[in-house]
Amino acid sequence: LLGQFSTKFSTNDDNRVTNIKVAANSTSDVLLMPGEVFSYNAQTGKRTKANGYKDAPVIVNGKLEDAPGGGVCQTSTTLYNAVLYSGLKINSVRNHSLTSAYAPRGKDAMVNDSGTDFKFSNPYNHPVYIKSIVNNGQ
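Notes on the structure follow. All values derive from a computational prediction rather than experimental measurement.

What about the environment of Leu98?
In step 1: Within the secondary structure, Leu98 sits in the loop between strand E5 (89-92) and strand E6 (119-121).
In step 2: On the accessibility criterion, Leu98 (36% relative accessible area) is partly exposed.
In step 3: Sequence-wise, Leu98 and Asp113 are 15 residues apart; in three dimensions their C-alpha atoms are separated by 18 Å.

Below, the structure is given as structure tokens:
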């Protein structure tokens, strides 16, 4: 095990929970080969209803608005923190404009469909397996 991390979320917003599960499932069971770059946005796809995402709160210009995919940044943040512990190379990451409730300031990974992506690469001489699990609000 190279690294792991978990965050907690409320299970009260069904749409947000769905988005977290969709994003976690699409970023799970990935075999990252030596030198290969992992792109969160490429793995999760566009946050559209056709791709299974639902409307939930997202941060837009420092305010919360409902939009498809609200909650996927919690999944990218959880993955980002696991990557920090793993020794994988961070290629690009950007923080939210507001501090999130699920990670300390500066330890979140904001993503969006308009180009902000979380990317990392495998510097090791062996493949790295990525597994995401969503269960009971974690």
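Details of the sheet that holds strand E2 (residues 37-39)
In step 1: The three strands are arranged E2-E6-E5 in an open sheet whose pairing can be described as antiparallel. Strands at the two margins of the open sheet, each flanked by one partner only, are E2 and E5. Neighbour-to-neighbour, the strand axes of the sheet open up by a mean angle of 30°, direction not taken into account.
In step 2: Across three bridges, the pairing between E5 and E6 is antiparallel. The residue of E6 that forms the bridge with Lys89 is Ser121.
In step 3: Contacts from helix H3 (residues 72-86) reach E2, E5 and E6 within the one sheet, and its direction differs from that of E5 by about 140°.

Comments concerning helix H1 (residues 14-26)
In step 1: With 13 residues, H1 should cover 18 Å at 1.5 Å per step; its first-to-last C-alpha distance of 18 Å lies within 8% of that length.
In step 2: For H1, every residue scored as buried is listed here: Arg16, Val17, Asn19, Ile20, Ala23 and Ala24. The arc enclosing the buried residues of H1, seen along the axis, measures out at 160°, which places them on a common side. Relative to its buried face, H1 has exposed residues pointing more than 90 degrees away, namely Asp14 and Asn25.
In step 3: Where H1 is buried, its residues contact helix H2 (40-44), strand E3 (55-60) and H3.
In step 4: Sitting at the amino-terminal end of H1 is Asp13, which places a side-chain oxygen 3.1 Å from the backbone nitrogen of Asn15.

With respect to the pairing of E3
In step 1: As paired strands, E3 and strand E4 (residues 63-68) are joined by six bridges and run antiparallel to one another. Opposite Ile59, over in E4, you have Leu64 as the bridge partner.
In step 2: The hairpin formed by E3 and E4 contains two residues between the paired strands, and Asn61 there has a positive phi angle of roughly 50°.

Some words on the packing of aromatic side chains
In step 1: Inspection of the entire model under this criterion finds four aromatic pairs.
In step 2: Between the aromatic rings of Tyr80 and Phe118, the centroid separation amounts to 5.5 Å while the plane-to-plane angle is 85°, which identifies the pairing as edge-to-face. You can see Tyr80 sitting in helix H3 and its partner Phe118 sitting in the loop between E5 and E6, a full 38 residues away along the chain. Each of the two residues, Tyr80 as well as Phe118, counts as buried.
In step 3: On the basis of an interplanar angle of 40° and a centroid distance of 5.2 Å, the ring pair of Phe118 and Phe120 is categorised as tilted. For the pair Phe118 and Phe120, a shared accessibility class is recorded, and that class is buried.
In step 4: Through successive ring pairs, a cluster of aromatic residues spans Phe38, Tyr80, Phe118 and Phe120.

Reading the values: the criteria
- Residues numbered from 1 in each chain as written.
- Predicted model: local features only at pLDDT ≥ 70, side-chain atom pairs only at ≥ 80, totals over all residues.
- Heavy atoms only, no water.
- Helix = DSSP H or I, 4+ residues; strand = E, 2+ residues; numbered from the N terminus.
- Buried < 20%, exposed > 50% of the residue type's maximum accessible area, 1.4 Å probe, protein only.
- Pairing = 2+ DSSP bridges.
- Axes fitted to C-alpha atoms, helices over the stretch in contact; angles between N-to-C directions.
- Contact = heavy atoms within 4.5 Å.
- Expected span 1.5 Å × (residues − 1).
- Arc of directions from axis to C-beta.
- Polar contact = N/O pair within 3.5 Å; in protein donor to acceptor, adjacent residues only side chain to side chain.
- Phe/Tyr/Trp six-rings, centres within 6.5 Å; stacked < 30°, edge-to-face > 60°.

These results come straight from atomic positions and should not be treated as a statement about function.
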